[in-house]
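# Residue-level structural notes
As a plain string of letters, each chain reads:
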Amino acid sequence: MRHLPDHGLPLVQLKEQRRDLIVALQNRNGPVSGWELMQIAAIQQAISACEDVISDLDAELEAAA
């Protein structure tokens, strides 16, 4: 698979942030709060949006080539 540009979007940082939140939840006892779930959900939505934009931009680059 060839490397495609990330188009300057913070996809890697968002995935790392999501991972950090999930690991923090795994390493503690007690219930998960609604706020924590909302944070993870918001980051996941941002990740999905970035992936969609990257896919669209990659398709445009390939069509132009």
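Not measured: the values here are computed from a predicted model. (Residues numbered from 1 in each chain as written. Predicted model: local features only at pLDDT ≥ 70, side-chain atom pairs only at ≥ 80, totals over all residues. Heavy atoms only, no water.)

This part is about the packing of helix H1 (residues 11–26) against helix H2 (residues 34–64). Where H1 contacts H2, the axes come no closer than 9 Å and their chain directions differ by 155°. Between H1 and H2, the angle falls in the class roughly antiparallel. When the axes of H1 and H2 are compared, the crossing they make is left-handed. Residues Leu11, Leu14, Lys15, Gln17, Arg18, Leu21, Ile22 and Leu25 of H1 lie in contact with H2, whose contacting residues are Glu36, Gln39, Ile40, Ile43, Gln44, Ala46, Ile47, Cys50, Glu51 and Ile54. A per-class count over the contact of H1 with H2 returns 11 nonpolar, three polar and four charged. (Axes fitted to C-alpha atoms, helices over the stretch in contact; angles between N-to-C directions. Helix = DSSP H or I, 4+ residues; strand = E, 2+ residues; numbered from the N terminus. Parallel < 35°, antiparallel > 145°, perpendicular 65-115°, else oblique. Left-handed = near helix turned anticlockwise from the far one by under 90°. Contact = heavy atoms within 4.5 Å. Nonpolar A, V, L, I, M, F, W, Y, C, P; charged D, E, K, R; others polar.)

Below, the discussion takes up the side chain of Glu36. Within the fold, Glu36 resides in helix H2. Owing to a relative accessible area of 18%, Glu36 belongs among the buried residues under this scheme. Polar contacts involving the side chain of Glu36 include one to the main-chain amide nitrogen of Ser33, which spans 2.8 Å. (Buried < 20%, exposed > 50% of the residue type's maximum accessible area, 1.4 Å probe, protein only. Polar contact = N/O pair within 3.5 Å; in protein donor to acceptor, adjacent residues only side chain to side chain.)

Right, let's get into H2. End to end, H2 covers 45 Å across 31 residues, agreeing with the expected 45 Å (1.5 Å per residue, within 8%). Those residues of H2 lying buried are Glu36, Ile40, Ile43, Ile47, Cys50, Ile54 and Asp58. (Expected span 1.5 Å × (residues − 1).)

Going through the model one piece at a time under the given rule, you end up with three salt bridges. A salt bridge links Arg19 to Asp20, with the shortest nitrogen-to-oxygen separation between them at 3.2 Å. Residue classification places Asp20 among the partly exposed positions, given a relative accessible area of 45%. The residue Arg28 makes a salt bridge to Glu36 at a minimum N-O spacing of 2.5 Å. Taking relative accessible area as the criterion, Arg28 reaches 32% and is therefore assigned partly exposed. (Salt bridge = Lys/Arg side-chain N within 4 Å of Asp/Glu carboxyl O.)

This part takes up the nonpolar core. Among the nonpolar cores identified, the biggest contains six residues, and these are Leu11, Leu14, Ile43, Ile47, Cys50 and Ile54. Counting residues per element, this core draws most heavily on H2, which supplies four residues. Residues contacting Ile43, with those up to four places away along its chain left out, are Leu14, Gln17, Arg18 and Leu21. (Core = buried A, V, L, I, M, F, W, Y, C linked by side-chain atoms within 4.5 Å.)

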